[in-house]
Amino acid sequence: MRLGRRLAGLGLSLVLTLLGLLLVTFVIGRVMPIDPVLKVVGERATQAQYDAAFQAMGLDKPIWQQFLRYMAEVLQGDFGRSISTGHPVAQDLRRVFPATVELATLGTLIGVCVGVPLGVVAAARRGGWIDQIARVVALVGYSMPIFWLGLMGLLLFYGILGWVGGPGRQGIIYDGMVPTVTGLILVDSLVAGNWAAFRDAFSHIVLPASLLGYFSLAYISRMTRSFMLEQLSAEYVVTARVKGLSERRVIWGHAFRNILVPLITVIALSFGSLLEGSVLTEIVFSWPGIGQYITKALLAGDMNAVLGGTVVVGTCFVALNLLSDILYRLLDPRAT
Amino acid sequence: MQNRFPLRVLMLASAVMLAPASATWAETPADTLVIAHQIDDIISLDPGQSFEFSGQDVVRNLYDRLVDIDPLDLAAGIKPSLAESWEVSEDGRTITLTMREGVTFHSGNPVRAEDAAWSLQRAVKLNKSPAFILNQFGFTAENVDERVTFDGNRLVLQLDQPYAQSYVLNCLASEVGSVVDKETVMAHAEGEDFGNAWLSTNDAGSGPFTLAAWRPNEAVQLTANPDYWQGAPAMARVIVRHVQESSAQRLLLEQGDVDVARNLTPTDVEGIAGNDRLKVMDELRGRILYMGLSQKDPLLSRPEMVEAMKYLIDYAGMESSFLKGQWKVHQNFLPEGYLGASDENPWTYDIEKARQILSDAGITSGTVKTVVRDIREYVDAAQTLQAAMAQVGLTLEIQQMTGAQVLDAYRARQVPIFIGEWGPDYADPHTNASTFAHNPNNADDAGLSQLAWRNSWAVPDEMNRAVEAATLEGDTDKRVQMYLDIQKQYREIAPIIPMFQKIEQVAMQQNVQNWTSGGSVSSVLYRQVTKE
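Let me sum up the structure you'll find in this document. (Residues numbered from 1 in each chain as written. Chains lettered and ligands numbered in written order. Predicted model: local features only at pLDDT ≥ 70, side-chain atom pairs only at ≥ 80, totals over all residues.)

### A closer look at the overall build of chain A
Across its full length, chain A holds 14 helices and zero strands. Along the chain direction, N to C, the helices and strands of chain A fall in the order α-α-α-α-α-α-α-α-α-α-α-α-α-α. Once the C-alpha set of chain A is aligned to its principal axes, its extents read approximately 85 × 60 × 40 Å. Expressed as a percentage of the 336 residues in chain A, the buried residues total 44%. Considering only intrachain contacts with a sequence separation of at least 6, the fraction spanning at least 24 residues in chain A is 71%. (Helix = DSSP H or I, 4+ residues; strand = E, 2+ residues; numbered from the N terminus. Buried ≥ 20, exposed ≤ 12 C-beta atoms within 10 Å, placed from the backbone. Contact = placed C-beta atoms within 7 Å.)

### Quick notes on the pairing of strand β6 (residues 148–151) of chain B
All names here are of chain B. As paired elements, β6 and strand β7 (residues 154–158) share four bridges and run antiparallel to each other. Paired with Val148 across the bridge in β7 is Leu157. Taking the residues between adjacent antiparallel strands as the criterion, β6 and β7 are bridged by two residues, where Gly152 takes a positive phi near 65°. (Pairing = 2+ DSSP bridges.)

### Digging into the nonpolar core
Ranked by size, the top nonpolar core spans 241 residues in total, and within it Ala116, Leu134, Val168, Met291, Leu312, Ala437 and Ile486 of chain B carry the most contacts. The element contributing the most residues to this core is helix α9 (residues 195–232) of chain A, with 18 residues. Among all residues touching Ala437 of chain B, those that are not within four sequence positions of it are Phe333, Ala452, Val459, Met463, Val467, Ile486, Tyr490 and Ala494 of chain B. (Core = buried A, V, L, I, M, F, W, Y, C linked by C-beta atoms within 7 Å.)

### Description of the environment of Trp453 of chain B
Mapping Trp453 of chain B onto the fold places it in helix α17 (residues 451–454). The spacing of Trp453 of chain B and His438 of chain B is 15 residues in sequence and 8.2 Å in space, taken between C-alpha atoms.

### Some points on the packing of helix α5 (residues 89–124) of chain A against helix α6 (residues 129–143) of chain A
Axes are the key here: two packed helices are described by the angle between their axes and the distance separating the axes. Residues and elements named next belong to chain A. Two elements in contact, α5 and α6, have axes separated by 8 Å at closest approach and are oriented at 130°. Taken together, the axes of α5 and α6 are oblique relative to one another. Between α5 and α6 lies a crossing whose hand is left-handed. For the pair formed by α5 and α6, the contact residues are Leu118, Gly119, Val121 and Ala122 on the first element and Ile130, Asp131 and Ala134 on the second. (Axes fitted to C-alpha atoms, helices over the stretch in contact; angles between N-to-C directions. Parallel < 35°, antiparallel > 145°, perpendicular 65-115°, else oblique. Left-handed = near helix turned anticlockwise from the far one by under 90°.)

### Re the interface of chain B and chain A
Counting residues at the interface gives 49 residues for chain B and 45 residues for chain A. Among the elements of the structure, α1 (5–18), β1 (32–37), β8 (209–215), β10 (237–242), α9 (246–254) and α15 (403–411) of chain B are those that each provide at least two residues to the side of chain B that touches chain A. By residue number, the principal contributor to the side of chain B that touches chain A is α1 of chain B, which donates six residues. The residue inventory of the side of chain B that touches chain A, partitioned by class, reads 22 nonpolar, 18 polar and nine charged. (Nonpolar A, V, L, I, M, F, W, Y, C, P; charged D, E, K, R; others polar.)

### Describing the sheet that holds strand β4 (residues 83–88) of chain B
All names here are of chain B. Taking strand neighbours across the sheet as the criterion, the four strands line up as β4-β5-β7-β6 in an open arrangement whose pairing is antiparallel. Each edge of the sheet is formed by a strand with only one pairing partner; in this case those strands are β4 and β6. On average, each strand axis in the sheet is tilted by 20° relative to the strand beside it, whichever way the strands run. Relative to the sheet, helix α3 (residues 113–126) contacts β5 (94–99), β6 and β7, its axis offset from that of β6 by approximately 175°.

### As for the packing of helix α18 (residues 461–470) of chain B against helix α19 (residues 476–493) of chain B
All names here are of chain B. Where α18 contacts α19, the two axes come as close as 10 Å, and the packing angle between them is 160°. With respect to each other, α18 and α19 are oriented roughly antiparallel. Our pair here, α18 against α19, has a crossing hand that is left-handed. Here α18 contributes Met463, Ala466, Val467, Ala469 and Ala470 to the contact with α19, which in turn contributes Arg479, Met482, Tyr483, Ile486 and Gln489.

### Some remarks on helix α11 (residues 303–311) of chain B
Those residues of α11 of chain B that sit buried are Met305, Val306, Ala308, Met309, Lys310 and Tyr311 of chain B. Those residues of α11 of chain B that are buried lie in contact with β12 (278–293), α13 (351–360) and β17 (496–509) of chain B.

### Concerning the pairing of β17 of chain B
Residue and element names in this part refer to chain B. Where burial is concerned, most of β17 is hidden: 10 out of the 14 residues are buried. Here strand β11 (residues 260–261) pairs with β17 via two bridges, running antiparallel. In the strand pairing of β17, Val260 is matched with Met508. Strand direction decides the pairing type here: β12 and β17, joined by 12 bridges, are antiparallel.

Dropping the structure here:
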C-alpha cells in the first residue's frame, strides 16, 4: 500500500517536472529573438514563401495553442521533425544521446575511481603532500579552459605521440562496421565480438573521457575531502581511535561509510551535468553528442529538437535523483 | 568562440616546443576519399529543397542534371548531360531537350523525359527555397503541368518570355534542376509532400555516387555508382566528416587520417606550409563580400557619402592582413568566372580623396551604425572602416549580433551599414544582377528579398530595365556586353559596394589529384578525383 502510494507520487512528480520543464523551455524558445522560419525557407525567400512556412509551422497561433499541439503530439510519441537536421527528432536523439552517455559514463567512472580515493587520502593526511597535490589538481581542473586542454591533449597524444585516435568516435575504416544495438560503440563492438573496432573506439574515447573525468575528478575529490574532514573530527571517530581500531578501519570502515549518502548526491549531480553534454568537449573532439545537438538547435530556433533534447535530459535527471534516492535507503538504514 | 587568438598563440608556442618529436602517420584506404569539412548547415538532401553550401555539395554528386557546367573547364560553358541535345523554337519561347538513352537511376529505373518533367514540376510545386530559380521562367504551381511537358524522349519547356538560351540552361544546371527518379520518390510520398520528407534523407538520382549515410553534424558517406553512364568514379567511397575546428582538421590532415581539409584558417594554412606531404589549392569561389549602405539613413543616402565610402575602405590592407589568402579584391557584383564578369577595380584606399568629396558636400561630421555578424573577418573589417571614417570626422558605431539576428534586422531593412557575404544562387549572371542591381518596388511592404531592396535602394528605372533586358538577349556576346555596361553604371552610383571575392583554400595530401570545390559557379565534384 505504502509502496504503491510512493510509486504514484514518484510518477506524478516525474510528470510534473517534465511538464514544467517543457513549458519553460517552450516559452523561452518562442520569445527568443531567433526566427526559425528563416532556417526553413532560407534567406532568399520572398515574403509569400515566408508566410506559407510560418503558417505551416503553426507559428501564427497563440503560444498556448502551439504548446498544446506539441504536447498532444509528444503524447503520441511523436517529437516532430528537426528543422536543423531534416531528420525526425526521435531518430536524431537515438543517435546523439548514446554518444553522450558513453562519454559521460566513462568520464564519471574515471572521476569517481580517482577522485574519491584522492579525496579520502587528502583528508586523512591533511596538509600532507597528497593533500597538496590533490589541491593543485583540483584547482587546475576548475580553472583550465576545457577547450584549450582538449586541443593540447589532441596535439600531444594524437598529433605527436600517436597514442590515441583523433577527433570523432571512430576511425574511418571502422565507421559503420559494427551494427547498432545500443548506440554505445564500445558496447556494440563487444556485442559483435569485434575487438579491432572496440580498440579503435576506445582509442577515440579515452582522451575526451579522461578530460571530462579530470573535471569531475576535481569536483568529486574536493567534495569527498570536505565530507571526510567533517567526519574525521566527529566524536565517534575519536572513540574508534581510542578503542584502538586501525587507522584504515577508522577511515574506510567508519568515516567513509558515513559520507556515502552525500557523496552519491555529488556523483549523481556530476554525472547528470555530463549527460547534458559538454558542448566544448564535443566540438573539439568532433563528438556528435547531445550537447552540440541542443546548442545548434537552440541557435537555429529549432524548438522540436530543443524540446526533445530537454525531455531526454530532464528524464535522466529525474531518474538519477530516483536512483540516488534508492541508494540512500540501501546505504543508510535511518533513511525512510 | 570566433576569437581564439590567445588560444592559437598558445597552440603554436606549444607546437613549436613539441615539434621535434615525430608522429606516426596513417593513410586512408586507396579507394576512399576522406574529407574534413563543416557540414552542419545541411538541412535536406532533396534537390527541390537543398539550398545550403554543404547540402548542394552532396546533391551535386548524387544527381545528374539535364545540362551541366564543368568547374574544371569553365570556358567550355554549358555541356549536355542527361539531355543529349536541345533546340530553341523560332519565337524563343519553347525549348525542346532530347534525353540521352540508356541511362538508369540508382534504383535501376530508366531515366525518362517523364522523370525530368516531373522533377521540374515537383520543385516548382514544393515551393521551397530554390523554387524561385524555376519560377523566373513563368512556371508556377498552377501552370507548371502545362508549361513543362514531355513527348516520348523529349522534354518541352514553354517559357513566358523569349529568354536567353544561356540564362535558361545555366539555371537548369543548378541543383534544383536535378533529375529525380519519379517512381521511387512517389512510392515514399506522404500526403502532398511529393516524397519531400523521404527524399530529404535519401537519394533517388542517377549521379556518380549513391548516398550510403547522412548523419547530421557527423558525416556524409557516398558510395560510387559502378554503372555510372560517364564511367565509374575512381573513388569507391567518399566520406565527409563534420569537423568544426580548424585546428582539429589540421591535425587529422597532418596525421593522414583525412585526405582533404576544407576549413583551415589562414594561420593553419600557414602552419602546414612546410609539410611536403601536403599541398594547398586556391580556388576562386562565387561569394562576394560587400558593404551595403542603407538609403534610409539620412547621411548614407547622400550620393557624396556613398562616393566617399568607396575610398574609405582599405581594400589592399585588408586583403593582405586578416583576409589574407581567403579573399581577393573584387569591386563588381559579378564574380570572376561568371558570364559578363568585369575585372575593373577602380577604387583604392584614399583618405584625402574621401575628405575632399565630403568637405565639398559640406559633410564634416556624423554618426552611423553598423550591425555585423560576430565573425572575426566581419568585425575586423568593421573596425578597419571605423578607423578610416574617424580620420574624416565620421563616427561608426559597431554592434555585433549572431547571424540569425543580423539577418532578421537586414531583411527588415533596419541595418544602416551592412557588412557581409552574398553567394550566387545559380550559374547565370542574372543571379547577382537581380539582387544587387534590380529593385522595381522600393516600398517597405514590397515583401522582396533582393539586396538592393534590403538596403532601401531605389534602383533607377533604366538599370532595372537593363537587368531585365539582359535575360532576353539571345546573342551571348551582346549579353556579355550588357552586363559589362550594367556593372559600369553600377560602380558609379550603387550604394551596395562589392569589395572582395572568396578564395577557398583547400588543403590536401599530395596524392589527391583533380580536386575541385566547384569554382565560382558550382559545387564540389568527386567523380574525377583520384589518389596516386
